[in-house]
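# Report on the structure
So the chains spell out like this:
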Amino acid sequence: VIITEKNIGDWAAVYVAKKILDAKPTAEKPFVLGLPTGGTPLAMYKRLIQFYQDGIISFENVVTFNMDEYVGLSPANDQSYHYYMYENFFKHIDAKEENINILNGLATDYKKECEDYEAKIKAIGGIDLFLGGIGPDGHIAFNEPGSSLSSRTRDKELTMDTIIANARFFGGDIDRVPKLSLTVGVGTILDAKEVLIMVNGHNKARALHHAVEQGVNHMWTISALQLHPKGIIVSDEAACTEL
Ligand code: GLP
């Protein structure tokens with residue numbers, strides 16, 4: 001069976017929608033979602049918007065926490081993850097502003113911003129489902145190779161590999177890519193009740209191999225998913241070529 005990228009997005013969207021519907025979230029007991037950016041999840045967001053427009057699902061009682069943000073980019077900057085999230089998802093659904101959480105890339109006190117984010121996640125009772133993608137070097141959120149597998153939300157320098165990989169969103173100019181990010185930690189992600197990672201394309205094949213066929217290793221932070229009791233990977237044919 002050839003699974004296309006579109007199907008990955010569809011599969012993930014159906015999974016997310018079912019989880020939300022089953023949870024029957026209320027204002028008092030919302031469903032808590034961890035959300036990613038990048039090219040990979042776009043198809044999922046499109047499909048979720050369609051579910052909302054078709055009246056199948058509501059996001060009124062869904063609280064979201066985004067994984068990461070570039071330091072130095074304002075929400076109005078079209079390369080910020082804030083901008084991405086509103087453009088590609090939030091402005092098309094019935095998400096309540098007060099339920100949306102994204103790390104502030106303009107925060108000057110990184111430590112406080114990150115500690116407050118962790119505290120907010122804890123106060124709401126943790127994340128029910130954390131969605132993510134991976135970088136070609138196996139990073140999850142911005143937990144670059146070498147990140148502690150018990151790391152929490154913090155500032156993290158981008159590796160040159162990631163700067164090069166993400167330069168495509170900055171007109172191909174590596175000088176325009178921010179060098180620092182705020183990101184949830186590997187430990188923060190592993191604390192979620194469930195983690196679903198989407199992987200597509202040949203350039204992720206090596207990372208997927210390390211994720212599932214090699215040992216748990218802080219140089220391939222996605223491999224920490226092996227420690228999770230409910231870790232799910234949904235991938236296309238191209239990403240599976242090294243399995
Ligand atoms: C960035 C993000 C990651 C994302 C990765 C892959 O580095 N911080 O969360 O998984 O890009 O993005 P793409 O899906 O565009 O390949």
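Everything here concerns the structure above.
Cut-offs and rules
For every chain, the first residue of the written sequence is number 1, and numbering continues from 1 onward in sequence order. Local features in this predicted model are restricted to residues whose pLDDT is 70 or higher, and side-chain atom pairs enter the listing and the counts only when it is 80 or higher, whereas totals over whole chains, interfaces and linings include all residues. By convention in this description, side-chain values take in all heavy atoms of the structure and omit both hydrogens and water. A run of H or I in DSSP becomes a helix once it reaches four residues, and a run of E becomes a strand once it reaches two; helices and strands are each numbered from the N terminus. We take the radius of gyration over the C-alpha atoms and set the globule estimate at 2.2 Å times the residue count to the 0.38 power. Relative accessibility under 20% of the residue-type maximum defines a buried residue, over 50% an exposed one, and the middle range a partly exposed one, all with a 1.4 Å probe and only protein chains included. Residues scored as positive are Lys and Arg, those scored as negative are Asp and Glu, and His as well as the terminal groups of each chain are ignored. Positions of charges follow a simple convention, taking NZ of Lys, CZ of Arg, CG of Asp or CD of Glu. Definition used in this section: a nonpolar core is a set of buried Ala, Val, Leu, Ile, Met, Phe, Trp, Tyr and Cys residues joined via side-chain atoms within 4.5 Å. Note on contacts: a residue pair qualifies if any of its non-hydrogen atoms lie within 4.5 Å across the two residues. A molecule or strand has a residue near it when one of that residue's heavy atoms lies within 4 Å. Throughout this description, a polar contact denotes any pair of N or O atoms lying within 3.5 Å of each other; where both atoms belong to protein, one of them has to be capable of donating a hydrogen while the other can accept it, and for residues adjacent in sequence the pair is counted only when both atoms sit in side chains. Computed with a 1.4 Å probe, the accessible areas rest on the Shrake-Rupley method; for each residue, only the protein chains presented here act as cover. Gly is placed with the polar residues, together with every amino acid not listed as nonpolar (Ala, Val, Leu, Ile, Met, Phe, Trp, Tyr, Cys and Pro) or charged (Asp, Glu, Lys and Arg).

## Brief notes about the overall build of the protein chain
Helix and strand counts for the protein chain stand at seven helices and nine strands. The globule rule puts the C-alpha radius of gyration for 243 residues at 18 Å, and the 17 Å found for the protein chain is close to it. Principal-axis analysis of the C-alpha atoms gives the protein chain an extent of 50 × 40 × 35 Å. Residue burial in the protein chain is summarised as follows: out of 243 residues, 53% are buried. Treating the 23 positive side-chain charges of the protein chain as one cloud and the 32 negative ones as another, the clouds have centres 4 Å apart.

## Describing the nonpolar core
Counting residues in hydrophobic clusters, the biggest one holds 31 residues, and the most contacted among them are L33, M44, L48, F89, L131 and L196. Counting residues per element, this core draws most heavily on helix α1 (residues 5-23), which supplies seven residues. When residues no more than four places from it in sequence are discounted, the contact partners of F89 are L35, Y45, L48, I49, F59 and Y84.

## A look at the site of the ligand
In the neighbourhood of the ligand, 14 residues make up the surrounding shell, with G39, T40, H139, R168 and K204 lying closest. Take T40: an N or O atom from its side chain is 2.4 Å from an oxygen atom of the ligand. One of the side-chain N or O atoms of R168 is found 2.6 Å from an oxygen atom in the ligand. When the free accessible area of the ligand is taken as 400 Å², the share hidden by the protein chains comes to 96%. The residue inventory of the shell around the ligand, partitioned by class, reads five nonpolar, six polar and three charged.

The values reported here are purely geometric and, on their own, carry no functional implication.
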